[in-house]
Structures are given as structure tokens and as C-alpha cells.
Amino acid sequence: MPELPEVECIRQAIEPHLLGQRVQAATLLRSDICTRSTPRVAYPKALLEGGVITGTLRHGKQVALVADDGRTLCVHLGMSGQMLINPPATLSHVHALWTIGHPPIRLVFRDPRRFGGLWTFQSPDDLRRDRWSALGPDALTIETAALRDALATTSRPIKAALLDQALIAGVGNIYADEALFRARISPFHPGHSLAPDQLAALAESIRGVLAAAITARGSTLRDYRNADGSRGQAATLHHVYARRGLPCTRCGQPLAGALVAQRSTVWCLGCQLR
DNA sequence: CCTTAATCCTGGAAGC
DNA sequence: TGCTTCCAGGATTAAG
């Protein structure tokens, strides 16, 4: 669900509540959101119970909490995952919760569709080596050269390549379409044959679109909420996503729609010619 | 290599 | 109103 901007907003929102605070208790309410963890460390210790949180990390769409003894908890929100601070006690689909600091605050992992999950590691280096090494460079700071390298060997449509987290980490269906519109590139252009000016424009567009979405506190379409339960405003910035058939904000002609890599894709036939 | 389809789930919206 | 169908921000797997 949440793409890079939404995950970064959550990281920024929860971090001040956690830094320097001790995890008084951690509770796993649904063990199957954790069964894919790499090392089988006993719960709730693996969920940082007893540790003091010293930092947060993010790579692409994944976020992690780090404790003072190195224990590291990676959170992937999937399609409908949320991390919430002090939510209502009646909230449904809560799969894990933490009581942190004093006076204690309650941190909750909620995920109705359960495509997300938690992964536990002994150290941040273990997380990077065993899990994040499968991801490409982070999209928020992607440079032209890194984008070129990531796309060099794929003939797939650029839209499909942007969705592949092993090539670039953090771009999902919304921001792939928005970045391609901003760079005026057709979603069908083969990844490895983008011209140098297109690579530069696309790298700039990816960074710009993601940064703007973070400033607007993320795109709330239906499910996404910030850590305090509020909605993001980034959907008002969308030029193409979910606007099939509506006039292009640049040239006015109706936006086209198609399925690319099984994902709904919207673009402008007039502005995104090559 | 690439693409497509199926799969994991829930729930809101649209259609009848 | 009620029932059915479709669709969704993600990601992996198998098959062609």
C-alpha cells in the first residue's frame, strides 16, 4: 500500500516518540505476520522488548526500529499496513503492539489485508545483509548514474522496471505514473533504451515527486493514515494516477489507461511520446 | 530474459 | 435494501 513517501512520513512521525525510550512490553497478537523472519529469535524479545530504541531506518518502502543492543525490527506495510501511535483501543486488525517509555505510549502495527509483516534481526547489519541487499538504491535520493545502471539490462517497459524493488526501492504504482508524467516518458519505453536526457529527467522526477509527497504527508486514497491517524494530502498533487479519461493537466487531452505489469497505468498520449 | 496468471487477505464501491 | 462482482497502494511464485 504505502509507497516510499508514506513510509517515510510514518518513520518521521513515530521516531520522536521512540528515541531514547525503553520498550516496556511487546505483544504479538498474530504470529503469522512474523513467521517469515530470518532468525528465529524468541518473542517478545525479538520485538525489542526490554531494549531502548536508539534509531529508525528506512530503505525503499521498509522501515526498521533499532534497539541499543542491536536488535532490529523491520516493518513492511504491504498494501494496508499502518503504524499508529496511541490509536483507539477498539481498533480492529491489530497484529502487534508495543508499550514504550514513560509515561507510556502505545505503538501499534495494524494490517487488515495482512500483506505486510515484521522481520527481526540481531543487528542493522544483519537486516541490510539478509534482507535489504535484495533491494535497489533508495528512490528518494536516486542519481542519474544509479538509475542508468539499474535499468541497463532490462528491456521491460519502464513502468514495470520502476515497480521492481530490486532495481529501485520505494516506487509503487502511484509514483511510477506520476514520475513518468513529470519526465514526459511513455510507460512503455524499454528501460535500457532511455536516452541520457530522459534518464536525467526521470531521476529528477522520481526524487521530486517523492519529496513533494512527503511534504504533503503522503497520499491517502482510502486506507493510508499517518501515525497519528490523520490523512495525507499528496493525492491533490496527482496529475495522472486515477485520472484515466480526465483531461491532461498540461495539454488538456484525455488521459490514456492500460494495464502494464498487471497494474493500472495512466499516461498522456500527447505529453509522454517517447 | 520476458509476460501472464494465480496467490496471499479484507473491505469499500459499484452494479444489478 | 441486499446480494454479487470487481477492484485496490505490494510482492512472490510458477508456468508459458
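Everything numeric in this text was worked out from a predicted model, so none of it was measured.

Draft legend 1. Spotlight on helix H3 (residues 144–151). Those residues of H3 that sit buried are Leu147, Ala150 and Leu151. Along the axis of H3, the buried residues cluster in a sector spanning 90 degrees; they form a single face. Looking at the buried positions of H3, the neighbouring elements they touch are helix H4 (158–163) and helix H6 (196–215).

Draft legend 2. Summary view of the packing of helix H1 (residues 4–18) against H6. At a minimum axis distance of 9 Å, the contact between H1 and H6 shows a crossing angle of 40 degrees. In terms of orientation, H1 and H6 fall into the oblique class. The element H1 and its partner H6 pack so that their crossing is right-handed. Contacts between H1 and H6 involve Leu4, Pro5, Glu8, Cys9 and Gln12 on the former and, on the latter, Leu210, Ala213 and Ile214.

Draft legend 3. Highlighting the sheet that holds strand S1 (residues 23–28). Spatially, four strands are ordered S1-S6-S7-S5 in an open sheet, and the strand pairing comes out antiparallel. Both outer strands of the open sheet, S1 and strand S5 (82–85), are each paired with one neighbouring strand and no more. Each strand axis lies, on average, 15 degrees off the axis of its neighbour in the sheet, ignoring direction. Note that strand S6 (residues 94–100) and strand S7 (residues 105–110) share six bridges and pair antiparallel. Paired with tryptophan 98 across the two strands is leucine 107, which belongs to S7. Sheet strands in contact with H1 are S5, S6 and S7, and its direction is about 150 degrees off that of S7.

Draft legend 4. The arrangement of the environment of serine 193 in detail. Residue position: serine 193 is located in the loop between helix H5 (173–183) and H6. Along the sequence, serine 193 and glycine 208 sit 15 residues apart, while their C-alpha atoms lie 22 Å from each other.

Draft legend 5. View of H5. By the criterion of burial, H5 is predominantly enclosed, with 10 of the 11 residues buried. Every buried residue of H5 is listed here: Asn173, Ile174, Tyr175, Ala176, Asp177, Glu178, Ala179, Leu180, Phe181 and Ala183. Where H5 is buried, its residues contact H1, H4, H6 and strand S10 (263–267).

Draft legend 6. Structural view of the protein's contact with DNA strand B. In the vicinity of DNA strand B, the contacting residues are His93, Pro112, Arg113, Arg114, Phe115, Thr154, Ser155, Arg156, Pro157, Arg222 and Gln262. Counting only the atoms of DNA strand B within 4 Å of the protein, the fraction contributed by sugar and phosphate is 63%. Each residue belonging to the surface near DNA strand B can be placed in one class, and the counts come to three nonpolar, four polar and four charged.

Draft legend 7. Broad picture of the nonpolar core. By size, the foremost hydrophobic cluster in this structure holds 61 residues, and its most contacted members are Trp98, Leu118, Leu202 and Ile206. Ranked by residues supplied to this core, first place goes to H6 with eight residues. When residues no more than four places from it in sequence are discounted, the contact partners of leucine 202 are Leu147, Ile158, Leu162, Ala179, Leu180, Ala183, Ile185 and Leu194. Ranked by size, the runner-up nonpolar core spans 10 residues in total, among them Leu57, Trp119, Trp132 and Ala169.

Draft legend 8. Expanded view of unusual backbone geometry. With omega at 0 degrees, the peptide bond leading from tyrosine 43 into proline 44 counts as cis. On the secondary structure map, proline 44 appears in the loop between S1 and strand S2 (53–59). Even without being glycine, arginine 114 reaches a positive phi, approximately 60 degrees. Looking at where arginine 114 falls in the secondary structure, it is placed in the loop between S7 and strand S8 (117–121). The backbone of alanine 242 sits at a positive phi, close to 60 degrees, despite the residue not being glycine. Structurally, the position occupied by alanine 242 is in the loop between H6 and strand S9 (256–260).

Draft legend 9. How the structure looks around the pattern of salt bridges. Inspection of the entire model under this criterion finds 17 salt bridges. For the salt bridge of arginine 30 with aspartate 32, the shortest nitrogen-to-oxygen distance reads 2.9 Å. Each of Glu8, Arg11, Glu15, Arg58 and Asp138 takes part in a single network of salt bridges with overlapping partners.

How each quantity is defined
Residues numbered from 1 in each chain as written. Chains lettered and ligands numbered in written order. Predicted model: local features only at pLDDT ≥ 70, side-chain atom pairs only at ≥ 80, totals over all residues. Heavy atoms only, no water. Buried < 20%, exposed > 50% of the residue type's maximum accessible area, 1.4 Å probe, protein only. Helix = DSSP H or I, 4+ residues; strand = E, 2+ residues; numbered from the N terminus. Arc of directions from axis to C-beta. Contact = heavy atoms within 4.5 Å. Axes fitted to C-alpha atoms, helices over the stretch in contact; angles between N-to-C directions. Parallel < 35°, antiparallel > 145°, perpendicular 65-115°, else oblique. Left-handed = near helix turned anticlockwise from the far one by under 90°. Pairing = 2+ DSSP bridges. Near = heavy atom within 4 Å. Nonpolar A, V, L, I, M, F, W, Y, C, P; charged D, E, K, R; others polar. Core = buried A, V, L, I, M, F, W, Y, C linked by side-chain atoms within 4.5 Å. Salt bridge = Lys/Arg side-chain N within 4 Å of Asp/Glu carboxyl O.

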